[in-house]
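# Understanding the architecture of this molecule
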Amino acid sequence: MTCQVLEKLEGVIRRRIAEGNPQSYTYRLYSSGIPAVARKVGEEAVEVAVAALSEGRERVVAEAADLLYHLLVLLNSLGLSLADVCGELERRMK
Ligand SMILES: N=c1c2ncn([C@@H]3O[C@H](COP(=O)(O)OP(=O)(O)OP(=O)(O)O)[C@@H](O)[C@H]3O)c2ncn1[C@@H]1O[C@H](COP(=O)(O)O)[C@@H](O)[C@H]1O
């Protein structure tokens, strides 16, 4: 399993937002606005840190997955994409 799944997930997130279906958590989150999505990303990041300190590897993996999903929704809300972040990482490569 590679992180190609992130690109796939980004595509699903874009589709859910474009469809505008209120049954979609992604659409509801996106509709709550950038400050709310940003706050959610902050909460998820704290949950990763807490898990790392006391909850074991499985919880860290689960919380990190939550964080990546919410981060993708935030990037999309800002008109940014995974490609923008990957481009920045490429530029930093030594
Ligand atoms: N990867 C995820 C994913 N990770 C986490 N979550 C949701 O994120 C929410 C936040 O979890 P929390 O632990 O913070 O709990 P919570 O109290 O319910 O959250 P809030 O109500 O406070 O926002 C939960 O409802 C999770 O289900 C996700 N929801 C969706 N996806 C992906 O997005 C796709 C589209 O989902 P829908 O938009 O629901 O169709 C899915 O097929 C998945 O691939």
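We now turn to the structure provided with this report. (Residues numbered from 1 in each chain as written. Predicted model: local features only at pLDDT ≥ 70, side-chain atom pairs only at ≥ 80, totals over all residues. Heavy atoms only, no water.)

## A closer look at the overall build of the protein
- Scanning the protein from terminus to terminus reveals five helices and zero strands.
- Of the regular secondary structure in the protein, the N- to C-terminal order runs α-α-α-α-α.
- Buried residues in the protein amount to 26% of all 94 residues.
- Look at the contacts in the protein between residues 6 or more apart in sequence, and 56% of them connect residues 24 or more apart.
- Looking at the protein as shown, the accessible area adds up to about 6600 Å², and 59% of this sits on carbon and sulfur atoms.
- Counting 12 positive and 13 negative side-chain charges, the protein places the centres of these two groups 3 Å from one another. (Helix = DSSP H or I, 4+ residues; strand = E, 2+ residues; numbered from the N terminus. Buried < 20%, exposed > 50% of the residue type's maximum accessible area, 1.4 Å probe, protein only. Contact = heavy atoms within 4.5 Å. Areas by Shrake-Rupley, 256 points an atom, 1.4 Å probe, with all protein chains shown as cover. Lys, Arg positive; Asp, Glu negative; His and termini not counted. Charge placed at Lys NZ, Arg CZ, Asp CG, Glu CD.)

## A closer look at the site of the ligand
- The local shell around the ligand consists of L9, V12, R16, S24, Y25, T26, K40, E44, D66, Y69 and H70.
- Separating an oxygen atom of the ligand from a side-chain N or O atom of R16 is a distance of 2.8 Å.
- Taking T26, its side chain carries an N or O atom lying 2.6 Å from an oxygen atom of the ligand.
- For the shell around the ligand, the class distribution of residues is four nonpolar, three polar and four charged. (Near = heavy atom within 4 Å. Polar contact = N/O pair within 3.5 Å; in protein donor to acceptor, adjacent residues only side chain to side chain. Nonpolar A, V, L, I, M, F, W, Y, C, P; charged D, E, K, R; others polar.)

## Considering the nonpolar core
- Formed by L6, I13, I17, L29, V37, V41, Y69, L72, V73, L74, L75 and L82, the largest nonpolar core amounts to 12 residues.
- Of all the elements in the fold, those that place two or more residues in this core are α1 (4-19), α3 (34-54) and α4 (57-77).
- In terms of residue count, the dominant contributor to this core is α4 (five residues).
- In this structure, I17 is in contact with T26, Y27, Y30 and N76, ignoring residues within four places of it in sequence. (Core = buried A, V, L, I, M, F, W, Y, C linked by side-chain atoms within 4.5 Å.)

## Quick notes on the packing of α3 against α4
- For the pair α3 and α4, interaxial distance at closest approach is 9 Å and the crossing angle is 160°. With respect to each other, α3 and α4 are oriented roughly antiparallel. Note that α3 runs across α4; the crossing there is left-handed. Contact with α3, carried on its side by I34, V37, A38, K40, V41, E44, A45, E47, V48, A51 and A52, involves R59, V60, E63, A64, D66, L67, H70, L71, V73, L74 and S77 of α4 and no other residues of that element.
- Of the residues assigned to the contact of α3 with α4, the class counts are 14 nonpolar, two polar and six charged. (Axes fitted to C-alpha atoms, helices over the stretch in contact; angles between N-to-C directions. Parallel < 35°, antiparallel > 145°, perpendicular 65-115°, else oblique. Left-handed = near helix turned anticlockwise from the far one by under 90°.)

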